2 protein chains.
Amino acid sequence: MAEVKLFGVWASAFSKRIEMALKLKGVEYEFIEEDLKNKSPLLLKYNPVHKKIPVLVHNGKPIAESLVILEYIDETWEGPAILPKDPHERAQAHFWAKFLDEKCLPAILKACKSTGEEREKAKEEVIELLGFLDNEIKGKKFFGGDNIGLVDIAGNFIGYWLGIITKLVGIEIVTEERFPNFCRWINEYNNCSFVKENLPPKDKLIAFLKPRFEVLNTSK
Amino acid sequence: MAEVKLFGVWASAFSKRIEMALKLKGVEYEFIEEDLKNKSPLLLKYNPVHKKIPVLVHNGKPIAESLVILEYIDETWEGPAILPKDPHERAQAHFWAKFLDEKCLPAILKACKSTGEEREKAKEEVIELLGFLDNEIKGKKFFGGDNIGLVDIAGNFIGYWLGIITKLVGIEIVTEERFPNFCRWINEYNNCSFVKENLPPKDKLIAFLKPRFEVLNTSK
């Protein structure tokens, strides 16, 4: 039987992407919780370039970078498709997943970690970026269509973590007025039984994120 | 017949990636040269998110982001493979292409655009990053194996542009002593007849890059 190990952190949206994909495909795996302040020699051996979680190890071979791993999982195991088969639809999924990681996440982190005018500017940028997603999800249940796909899985951060973090940090970004379609997706996503079962419990996640993000709240 | 249009800039390594892939597959296309100081309404329509070249338009449908386009081309047209078929090898190709764009290119630009101590620090980072590539290419003709693949095509910037730009800027990064394997690849790459035919002529490229990069030379 194939041996699958995942080096991750339970509270990380990036780790959770991989867990969600493995569960979607019905793949059994061993989860190895990493301490990011004291990374294991195995993690450093398997991901010497970035030294980051998540790392998937399948039959002894490591794969790093969550979007790369998601595609690997889709190509390796049967089960519900993560990426569409049609090349143009696949390209669109790749485009939006890349957009999430390379544009939205850095802008969100900047908005959280900055203060004053810089924070306002970063917040405006996040609002502009999420506007593109609001438009993209219009008229669709999930980014993947009727079922969750690559962009929904990669979007767990904006679907679940973002709401918690912005509240802790004291900034308001996602509102019904601004993003009606995106809010409907967040609702659909968080109430989808598969997603619900596989996201970390809200209380536990808030307790984990609180000391890390509440200090960034400048509105108090 | 399929209609293929490419919005690009002749001197851009990102545009050239797409031209190389289309030529590898034997796909006929119309090249539309963009003026980046005065982008065409069509480019802005086709890539409203990033407003950047390259954009490939196939049968009226646009695809943006060069790595996304390269994968689309590989999946859409017959001919020499750009990505390996084996999922683990594919994942490795994805990993290194992502590494080039997300780690190497920003570090190289930082080393070029900064001065003094900041430049030295950025240069050290580039050297560290290229060390990973030097190790990766050890014992192989191309990153793609015996033939050029995704990483070689995406690597055109470090294979061709980097040498010109660092010379103009007045920094020394790639040396035989530091990177024997990487230098061998650069040599192999630039002398591969397919690559040679499809890169912009050196004189013309230097003339184009000179006013943009020579001003950043602080060693004079």
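Residues numbered from 1 in each chain as written. Chains lettered and ligands numbered in written order. Predicted model: local features only at pLDDT ≥ 70, side-chain atom pairs only at ≥ 80, totals over all residues. Heavy atoms only, no water.

**A short note on the domain arrangement of chain A**
Note on interface size: it is often stated as the accessible area lost on association of the parts. Residues and elements named next belong to chain A. Considered domain by domain, chain A is made up of domain 1 (4-76) and domain 2 (87-216). A separation of 21 Å is found between the C-alpha centroids of domain 1 and domain 2. Counting from both sides, the interface comprises 16 residues of domain 1 and, opposite them, 22 residues of domain 2. With both chains or domains summed, domain 1 and domain 2 bury close to 1,700 Å², and 70% of this area falls on carbon and sulfur atoms. Three residues, Trp10, Arg17 and Met20, lead the burial of domain 1 against domain 2; their summed loss comes to 38% of the area buried on that side. For Asp101, the salt bridge identified is with Arg17, shortest N-O distance 2.7 Å. Remark: the boundary between domain 1 and domain 2 carries 6 residue pairs in polar contact (both at pLDDT 80 or more). Among the elements of the structure, α1 (13-25) and α3 (66-76) are those that each provide at least two residues to the side of domain 1 that touches domain 2. (Domains from an automatic or database assignment. Contact = heavy atoms within 4.5 Å. Buried area = accessible area lost by both parts, 1.4 Å probe. Salt bridge = Lys/Arg side-chain N within 4 Å of Asp/Glu carboxyl O. Polar contact = N/O pair within 3.5 Å; in protein donor to acceptor, adjacent residues only side chain to side chain. Helix = DSSP H or I, 4+ residues; strand = E, 2+ residues; numbered from the N terminus.)

**Topic: the packing of aromatic side chains**
All names here are of chain A. For the structure shown, the criterion picks out 22 aromatic pairs over all chains. Note on Trp10 and Phe208: the rings are 5.3 Å apart at their centroids and 70 degrees apart in plane angle, and the pair reads as edge-to-face. One end of the pair, Trp10, is in the loop between β1 (4-8) and α1; the other, Phe208, is in helix α10 (residues 202-213), and 198 residues separate them in sequence. With a centroid separation of 5.1 Å and 85 degrees between ring planes, the pair formed by Trp96 and Phe99 is classed as edge-to-face. Separated by 3 residues within a single helix, Trp96 and Phe99 lie in helix α4 (residues 87-113), roughly one turn from each other. (Phe/Tyr/Trp six-rings, centres within 6.5 Å; stacked < 30°, edge-to-face > 60°.)

**Observations regarding the sheet that holds strand β2 (residues 30-33) of chain A**
All names here are of chain A. Reading across the sheet, the 4 strands line up as β2-β1-β3-β4 and stay open at both edges, with mixed pairing between neighbours. Each edge of the open sheet carries a strand with a single partner, namely β2 and β4 (61-64). Here the average twist between neighbouring strands, direction ignored, is 20 degrees. Inspection of the sheet shows β1 paired to β2 by 4 bridges, in the parallel sense. (Pairing = 2+ DSSP bridges. Axes fitted to C-alpha atoms, helices over the stretch in contact; angles between N-to-C directions.)

**Overview of the sheet that holds strand β4 (residues 61-64) of chain B**
Residues and elements named next belong to chain B. An order of β2-β1-β3-β4 is seen for the 4 strands of this open sheet, with the pairing classed as mixed. The sheet is open, and its two borders are formed by β2 (30-33) and β4, each paired with just one other strand. The mean angle between the axes of side-by-side strands here comes to 20 degrees, regardless of whether they run parallel or antiparallel. Looking at chain direction, strand β3 (residues 55-58) and β4 are connected through 4 bridges and run antiparallel. Across the sheet, the residue bridging to His58 is Lys61, located in β4. Here helix α1 (residues 13-25) sits on the sheet in contact with β1 (4-8), β2 and β3, set at roughly 155 degrees to β1.

**Description of helix α7 (residues 156-169) of chain B**
Residue and element names in this part refer to chain B. Taking 1.5 Å per residue as the helical rise, α7 with its 14 residues ought to reach 20 Å, and the 19 Å between its terminal C-alpha atoms agrees with that figure. Considering bend angle alone, the principal kink of α7 is centred on Leu162 and spans about 45 degrees. Along α7, the residues that are buried comprise Asn156, Phe157, Ile158, Gly159, Tyr160, Trp161, Leu162, Ile164, Ile165, Thr166, Leu168 and Val169. Turning to α7, the residues buried within the fold contact α1, α4 (87-113), α5 (116-137), α6 (150-154), α8 (180-191) and α10 (202-213). Looking one or two residues beyond α7, the residue adopting positive phi is Gly170, at roughly 85 degrees. (Expected span 1.5 Å × (residues − 1). Bend = angle between axes of the 7 residues up to and from the residue. Buried < 20%, exposed > 50% of the residue type's maximum accessible area, 1.4 Å probe, protein only.)

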